[in-house]
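Listed below are the residues making up each chain.
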Amino acid sequence: MSVSDTGPGIPPDKLKEIFDPFFSTKEKGLGMGLSIARTIVEAHGGQLTAENRAGRGAMFRMRLPLAALRK
C-alpha cells in the first residue's frame with residue numbers, strides 16, 4: 001500500500017531521520033506517529049518506507065507479507 005501527497009516533500013537531509021522517535025518537522029509535533037507505525041509494521045514482518053516523489057510530494061509505502069493459510 002502506498003500513500004502520497006503533492007506537498008513540498010521531505011527535506012532530503014531528513015529522510016533518514018523521519019522514523020526516529022521524537023523527530024518531527026512540525027513545531028508542536030511529538031514525533032511518535034511514524035516511529036510507532038514502523039514498529040507495528042516491522043513486528044508483523046513488513047516494511048514502512050518514505051521517499052520523495054519526482055516532481056513534488058512524498059510517498060510512504062507499507063509492505064506486509066502474505067499470511068500463511070491456516071487449516
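Use the structure listed above.
Predicted model, so just to flag it, every value in this text is computed and none were measured.

Reading the values: the criteria
- Residues numbered from 1 in each chain as written.
- Predicted model: local features only at pLDDT ≥ 70, side-chain atom pairs only at ≥ 80, totals over all residues.
- Heavy atoms only, no water.
- Helix = DSSP H or I, 4+ residues; strand = E, 2+ residues; numbered from the N terminus.
- Rg over C-alpha atoms; globule rule 2.2 N^0.38 Å.
- Contact = heavy atoms within 4.5 Å.
- Lys, Arg positive; Asp, Glu negative; His and termini not counted.
- Charge placed at Lys NZ, Arg CZ, Asp CG, Glu CD.
- Pairing = 2+ DSSP bridges.
- Buried < 20%, exposed > 50% of the residue type's maximum accessible area, 1.4 Å probe, protein only.
- Salt bridge = Lys/Arg side-chain N within 4 Å of Asp/Glu carboxyl O.

### What to know about the overall build of the protein chain
Here is step 1: A tally of helices and strands in the protein chain yields 1 helix and 3 strands.
Here is step 2: When the helices and strands of the protein chain are placed in sequence order, the string is β-α-β-β.
Here is step 3: For a compact globule of 71 residues, the expected C-alpha radius of gyration is about 11 Å, and the protein chain comes in at 14 Å, more than 25% above that figure.
Here is step 4: Principal-axis analysis of the C-alpha atoms gives the protein chain an extent of 50 × 30 × 15 Å.
Here is step 5: For the protein chain, restricting intrachain contacts to residue pairs at least 6 apart in sequence, the fraction spanning at least 24 positions comes to 45%.
Here is step 6: Treating the 11 positive side-chain charges of the protein chain as one cloud and the 7 negative ones as another, the clouds have centres 9 Å apart.

### Here's the deal with the pairing of strand 3 (residues 58–63)
Here is step 1: Sheet topology note: the strand 1 (residues 2–4)/strand 3 ladder contains 3 bridges and is antiparallel. What sits directly across from Val3, in strand 3, is Phe60.
Here is step 2: In this sheet, strand 3 lies alongside strand 2 (residues 47–52) in antiparallel orientation, the contact comprising 6 bridges. Paired with Leu48 across the strands is Met62, a residue of strand 3.
Here is step 3: Here strand 2 folds back onto strand 3 in antiparallel fashion, the turn holding 5 residues, of which Gly55 has a positive phi close to 100°.

### Topic: the environment of Ala67
Here is step 1: Residue placement: Ala67 occurs in the segment after strand 3.
Here is step 2: Relative accessible area serves as the criterion here: at 69%, Ala67 is assigned to the exposed category.
Here is step 3: For the pair Ala67 and Leu15, spaced 52 residues apart in the sequence, the C-alpha separation amounts to 30 Å.

### Some remarks on the pattern of salt bridges
Here is step 1: In the structure shown here, the tally under the stated rule is 2 salt bridges.
Here is step 2: A salt bridge links Lys14 to Glu17, with the nearest nitrogen and oxygen atoms 3.9 Å apart.

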